[in-house]
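# Structure at a glance
For reference, the chains in residue letters:
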Amino acid sequence: MNMGLFYRDVLNDSHAEVVAKRSFQRYLLHQMRLATSYQQCSIFIPGTETGKWKLKPNIIFIFFCSHTPCGDASIIPIRETENHLSKSVDGHDIAGQSVLCSSSNCDHRGPEDKRKSEKMASSHMIKRMKNADGGFFSTITEDMAVQQVFAKPEGNVNPECCESSEEMQAANKETNAGKLKAVDVYRTGAKCVPGELSDTLIPGIEYHCVGLLRVKPGRGDRTCSMSCSDKLARWNVLGCQGALLMHFLQYPVYLSAVIVGKCPYSQEAMQRAVIERCRHISLLPDGFLTQEVQLLQSDLQFEHSRQAIQEGQTSSKRKLVPCSAAISWSAVPERPLDVTSDGFRQGTTKKGIGSSQSRSKICKVELFHEFQKLVTSISKENLPDTLRVKTLETYWDYKEAALNYQEAWKALRSQALLGWIKNAQEYLLFM
């Protein structure tokens with residue numbers, strides 16, 4: 001099958017955060033259709049520029065997800081009280097070692113050693129990470145992210161991977177005062193972007209490096225989809241509307257709050273993953289900025305979450321695997337409910353792949369067609385300048401013509417998200 005056709009028709013990323021955001025874009029397109037036909041029920045009102053619109057006052061959007069986003073925001077400390085730290089579960093002291101992150105894979109252990117280390121880490125047998133030679137000593141106090149202190153330099157230290165020693169010293173003081181101490185971290189299945197820094201994979205709190213771009217976890221080949229933590233960081237600067245809708249908007253559509261359900265959670269990790277990595281961005285076009293989005297946690301647990309199911313099956317050792325189906329709903333009049341399986345509309349056969357009936361309503365080509373309907377419904381003199389200056393044909397053409405969005409994305413990518421994996425242009429040349 002032609003890869004370009006496959007890419008445009010399939011829902012490439014079915015993680016809940018992405019499905020919700022694409023359903024939201026579908027809703028925004030419908031609301032823009034209402035606005036351009038001057039219907040009062042739209043959430044948009046005219047802006048100050050020809051063909052541009054903005055949100056009505058006092059309209060905000062809150063994003064809820066039942067679990068922390070995959071990637072950097074899910075690297076969360078596992079803490080235990082000090083009196084449980086001196087021995088491992090079998091009664092033996094375990095001395096931890098620390099290895100610096102490097103631009104290549106820095107884990108030189110053999111397969112058997114890796115297997116043993118993974119097993120030991122997964123059962124949380126490491127109780128105290130200590131060293132007697134004056135090298136690394138790593139710890140985290142309550143409400144602090146994974147941190148490393150370099151006491152005796154050996155090789156290059158990457159400042160993006162390791163936190164400052166001043167913060168670490170403050171953490172140690174709090175730990176000595178009786179606070180909880182981190183003995184491990186929750187793992188994320190998201191892998192570091194190829195060619196960038198990599199995780200140490202050392203059992204214990206230094207297993208992951210924090211603040212890095214990652215691609216989605218998966219059971220098959222490594223994907224090219226960035227982690228949900230990375231995508232939330234991007235949306236927090238560029239908005240949730242995407243490049244196409246930015247043609248019609250005077251300002252990006254930002255989230256006011258992100259709420260995570262009851263699950264393993266770290267405010268510091270969420271803050272780092274969603275906001276701090278992009279806080280320093282400069283030279284953004286008017287209207288774009290790094291939002292101070294509210295990051296909150298609910299005490300309500302999603303009844304179908306992995307954690308809830310595992311708690312209800314304490315006697316069962318059956319392995320839980322992600323479902324290949326995705327269900328989305330959008331407040332639109334035509335087919336608001338959309339159910340996909342393996343990226344295609346539920347019920348699609350192999351013979352049907354490539355037809356319009358096989359597509360999800362939130363795949364790239366379907367959203368693009370909705371956008372094209374919006375453009376053709378507006379007289380040329382009422383179109384924004386970016387849609388009047390030249391003939392645009394393909395999905396790529398329309399995205400690139402959203403000049404302020406592309407300028408903001410270029411600044412973000414060059415200053416904060418350097419390793420972001422871009423889609424090949426040939427896959428985006430559809431109409």
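Residue indices begin from 1 for each chain and proceed along its sequence in written order. It should be noted that, the model being predicted, local features are given only for residues of pLDDT at least 70 and side-chain atom pairs only at 80 or more, the latter also being counted only at that level, while totals for whole chains, interfaces and linings use all residues. Only hydrogens and water are removed before side-chain values are computed, so all heavy atoms of the structure are retained for them.

A separate point is the overall build of the protein. Secondary structure elements are taken from DSSP: a helix is a run of H or I of four residues or more, a strand is a run of E of two residues or more, and numbering for both begins at the N terminus. Within the protein, the secondary structure is distributed over 11 helices and 12 strands. Within the span of the protein, comprising 431 residues, buried residues form 48% of the whole. For the protein, long-range pairs separated by at least 24 residues make up 70% of all intrachain contacts whose partners lie at least 6 apart in sequence. Here the accessible surface of atoms and residues is derived via Shrake-Rupley with a 1.4 Å probe, and residues count as covered only by protein chains that are part of the display. Carbon and sulfur atoms form 51% of the exposed surface of the protein, whose accessible area is close to 22,200 Å². With a 1.4 Å probe rolled over the protein chains alone, any residue whose accessible area is under 20% of its type maximum counts as buried; one over 50% counts as exposed, and the rest are partly exposed. Whether two residues touch is decided by their heavy atoms; if any such pair falls within 4.5 Å, the residues are in contact.

Note on geometry: axes are lines fitted to C-alpha atoms, helical ones only across the stretch in contact, with angles between N-to-C directions running from 0 to 180 degrees. In the contact formed by helix α5 (residues 228–238) and helix α11 (residues 403–415), the axes pass within 10 Å of each other and the chain directions differ by 130°. When the axis of α5 is compared with that of α11, the two are oblique. Regarding α5 and α11, the two cross each other, and that crossing is right-handed. Within the contact between the two elements, α5 uses Arg-234, Val-237 and Leu-238 and α11 uses Tyr-405, Ala-408, Trp-409 and Leu-412. Nonpolar residues are Ala, Val, Leu, Ile, Met, Phe, Trp, Tyr, Cys and Pro. Charged residues are Asp, Glu, Lys and Arg, and all others, Gly as well, are polar. Here the residues of the contact of α5 with α11 sort into six nonpolar, no polar and one charged. Each angle receives one of four descriptions, namely roughly parallel if under 35 degrees, roughly antiparallel if over 145, roughly perpendicular if within 65 to 115, and oblique otherwise. Each crossing gets its handedness from the near helix: less than a right angle anticlockwise from the far helix is left-handed, clockwise is right-handed.

In this section: the pairing of strand β9 (residues 294–297). Pairing between strands is defined by DSSP: at least two bridges between them are needed. Both strand β8 (residues 257–260) and β9 contribute to a ladder of four bridges, which runs parallel. Note that in β9 the partner of Ala-257 across the bridge is Gln-294. By convention a crossover is right-handed if, when the strands point away from the viewer, the path from the first strand over the helix to the second runs clockwise. In this region the chain leaves β8, passes through helix α7 (residues 267–274) and returns to the parallel neighbour β9; the handedness of that crossover is right-handed.

Turning next to α5. When you tally the buried positions in α5, you get 11 out of 11 residues, the bulk of the element. For α5, the complete set of buried residues consists of Cys-228, Ser-229, Asp-230, Lys-231, Leu-232, Ala-233, Arg-234, Trp-235, Asn-236, Val-237 and Leu-238. Along its buried surface, α5 packs onto α2 (16–36), β3 (62–65), β7 (214–215), α7 and α11.

Here we take up the sheet that holds strand β11 (residues 337–341). Spatially, the three strands line up as an open sheet ordered β10-β11-β12, and their pairing is antiparallel. In this open sheet, the two edge strands, each paired with only one partner strand, are β10 (325–329) and β12 (344–345). With five bridges connecting them, β10 and β11 associate as antiparallel partners. Counted as the bridge partner of Ala-325 is Ser-341 from β11.

Of note, Ser-298 is situated in the loop between β9 and α8 (306–312). Taking the C-alpha atoms as reference points, Ser-298 and Val-260, separated by 38 residues in sequence, lie 6.0 Å from one another. Sequence-distant contacts of Ser-298, that is, excluding residues within four places in its chain, are made with Phe-64, Ile-259, Val-260, Gly-261 and Lys-262. Looking at Ser-298, its side chain comes within polar contact range of the main-chain nitrogen of Leu-300, at 2.9 Å. Pairing of N or O atoms within 3.5 Å defines a polar contact, subject to two protein rules: one partner must be a possible hydrogen donor and the other a possible acceptor, and residues neighboring in sequence count only if both atoms are side-chain atoms.

Each salt bridge in this description consists of a side-chain nitrogen of Lys or Arg and a carboxyl oxygen of Asp or Glu lying within 4 Å of one another. Enumeration according to the criterion identifies 14 salt bridges in this entry. In this structure, Lys-361 engages Glu-334 in a salt bridge whose closest nitrogen and oxygen atoms are separated by 3.6 Å. Of this pair, Lys-361 sits in the loop between β12 and α9 (364–376) while Glu-334 sits in the loop between β10 and β11, and the two are 27 residues apart along the sequence. Taking relative accessible area as the criterion, Lys-361 reaches 14% and is therefore assigned buried. Here Arg-388 ties to Asp-385 by a salt bridge, and the two come within 2.6 Å at their closest N and O atoms. Residues joined in a network through salt bridges with shared partners are Glu-334, Arg-359, Lys-361 and Glu-366.

The share of residues in the protein with pLDDT of 70 or more is 74%, and the mean pLDDT across the chain is 78. Confidence scores here are pLDDT values: one per residue, from the predictor, ranging 0 to 100. The low-confidence segment residues 83–173 (pLDDT under 50) makes 164 contacts with residues lying over four places distant or belonging to another chain.

Another point: the sheet that holds β8. The parallel open sheet is built from three strands, whose spatial order is β3-β8-β9. For this open sheet the edge positions go to β3 and β9, each flanked by a neighbour on one side alone. The average undirected angle you get between the axes of adjacent strands in this sheet is 20°. Across four bridges, the pairing between β3 and β8 is parallel. Among the inter-strand pairings, Ile-62 is bridged to a residue of β8, identified as Ala-257.

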